[in-house]
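Each chain, written out:
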Amino acid sequence: MSEGSHDAHDRPHATHDDGTDDRYLVRNPRQIRQLLQALIDQRSLINAHLGGRDQSFPTAVLELDDDEDWLLLDGSPSETSNRAAEEAGHLLCFAQLDRVMVRFRLDGLERVRNEGHVAFRVPFPEELVHLQRRELYRLETPITDSPHLQFPVNEDRSEILQLRVVDISGGGLAVTVPVDCNVFSLQKRYAAQLDLPDGSPLHVSLIVCNQLAVKLPNGVEMKRIGMRFDDLPRGGDSAIQRYIFRIDRQRSARKNGES
């Protein structure tokens, strides 16, 4: 059990409408600056949703003002997206630091030029959501032995997307899709079939928590969709944990030189 899971039982914690636990909210200006600087240092891609809508574009924090709490946000190669960002009122941004999700809202975008390219000068966010510790162990799945998600695109289930699960825990999973795939919407619930390599299909209910721009080792940009389980069938959690345990055991054996 992680160190953060003890106090979850000791006292109640306030949550926001999107399900965010107050324990993960960062409001200290110095800590906010540190996390933003980490986004720069790790060259983290940010997925910026326009006014909280499904429309988004990939971006990055380019620099922080040394004296004032302003940041420089990279613009989009698409002028249409840049105009939409100016008109949106705010951006809801998702990124990752050390494989842990960071979320924040940016208001008051001001268009500027940065080395001949469009950028936005933006005040620091007043708060960030930073999942500082994982209460459920997440497994990065092996390409050759991955679960898959069977996702119906339309109501009559005549078209099915088969998506490789790139990481999984007892609390949720993530898949990657092409950047132009707009099937998934934030905070919406979806019914799907989860196929584990060593188990029976599980009919699950999932809620989309975040969408992140990621770059694969070959340079191809994709969109990573993070989802939490809203409902698991009986025995579903045990089946997922068995799969995680098996993969971990195999990896440990290979690392130790065992057959």
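Above: the structure in question.
These notes cover the structure that comes with them. Computed from a predicted structure; not experimentally measured.

A separate point is the overall build of the protein. Assigned secondary structure in the protein consists of 4 helices and 17 strands. The burial tally for the protein puts 45% of its 259 residues in the buried class. In the protein, once contacts between residues fewer than 6 apart in sequence are set aside, the share between residues at least 24 apart is 59%. In the form shown here, the protein has an accessible surface area of approximately 14400 Å², with 46% of it arising from carbon and sulfur atoms.

This part takes up the packing of aromatic side chains. By the definition in use, this model includes 3 aromatic pairs. Between F151 and F184, the ring centres sit 4.6 Å apart and the planes meet at 35 degrees, which makes this aromatic pair tilted. Linking F151 in strand β12 (residues 148-152) with F184 in the loop between β14 (172-178) and β15 (189-195), this pair joins segments that are 33 residues apart in sequence. The burial state of F151 is the same as that of F184; both residues are buried. Plain terms: the ring middles of F151 and Y190 are 5.2 Å apart, the flat faces sit at 65 degrees to each other, and that makes the pair edge-to-face. Of this pair, F151 sits in strand β12 while Y190 sits in strand β15, and the two are 39 residues apart along the sequence. One exposure class covers both F151 and Y190, and it is buried. Grouping aromatic residues by their ring pairs yields a cluster made of F151, F184 and Y190. Positioned over the ring face of W70 is R121, at 3.8 Å from the centre of the ring.

Attention now goes to unusual backbone geometry. Phi is positive for R43, which is not a glycine, with a value near 50 degrees. Among the residues examined, R43 registers a relative accessible area of 76% and is labelled exposed. The backbone of E115 shows a phi angle near 50 degrees, a positive value even though the residue is not glycine. The class of E115 is exposed, set by a relative accessible area of 75%.

Below, the discussion takes up helix α4 (residues 236-255). With 20 residues, α4 should reach 28 Å at 1.5 Å per residue; the first-to-last C-alpha distance of 29 Å fits that figure. Three or more residues of α4 are buried, namely G236, A239, I240, Y243, I244, R246, I247 and A253. Turning to α4, the residues buried within the fold contact β11 (139-140), β13 (160-168), β15, β16 (202-215) and β17 (221-231). Directly after α4, the chain includes G257, whose backbone phi takes a positive value near 80 degrees.

Moving on, we come to the sheet that holds strand β10 (residues 128-130). The strand order across the open sheet built from 6 strands is β1-β10-β7-β6-β2-β3, with neighbouring strands paired in antiparallel fashion. Looking at the sheet topology across the chains shown, the edges are occupied by β1 (25-26) and β3 (56-59). The pairing of strand β2 (residues 46-50) with strand β6 (residues 90-97) spans 4 bridges and is classified as antiparallel. By the bridge assignment for β6, N47 is matched with F94. Packing against the sheet, helix α2 (residues 29-41) makes contact with β1, β2, β6, β7 (100-107) and β10, and its axis sits at approximately 70 degrees to β6. Most of the contacts of helix α3 (residues 79-88) go to β2, to which it runs at about 65 degrees, and overall it touches β2, β3 and β6.

Rules of the game
Residues numbered from 1 in each chain as written. Predicted model: local features only at pLDDT ≥ 70, side-chain atom pairs only at ≥ 80, totals over all residues. Heavy atoms only, no water. Helix = DSSP H or I, 4+ residues; strand = E, 2+ residues; numbered from the N terminus. Buried < 20%, exposed > 50% of the residue type's maximum accessible area, 1.4 Å probe, protein only. Contact = heavy atoms within 4.5 Å. Areas by Shrake-Rupley, 256 points an atom, 1.4 Å probe, with all protein chains shown as cover. Phe/Tyr/Trp six-rings, centres within 6.5 Å; stacked < 30°, edge-to-face > 60°. Lys NZ or Arg CZ within 6 Å of the ring centre and 35° of its normal. Expected span 1.5 Å × (residues − 1). Pairing = 2+ DSSP bridges. Axes fitted to C-alpha atoms, helices over the stretch in contact; angles between N-to-C directions.

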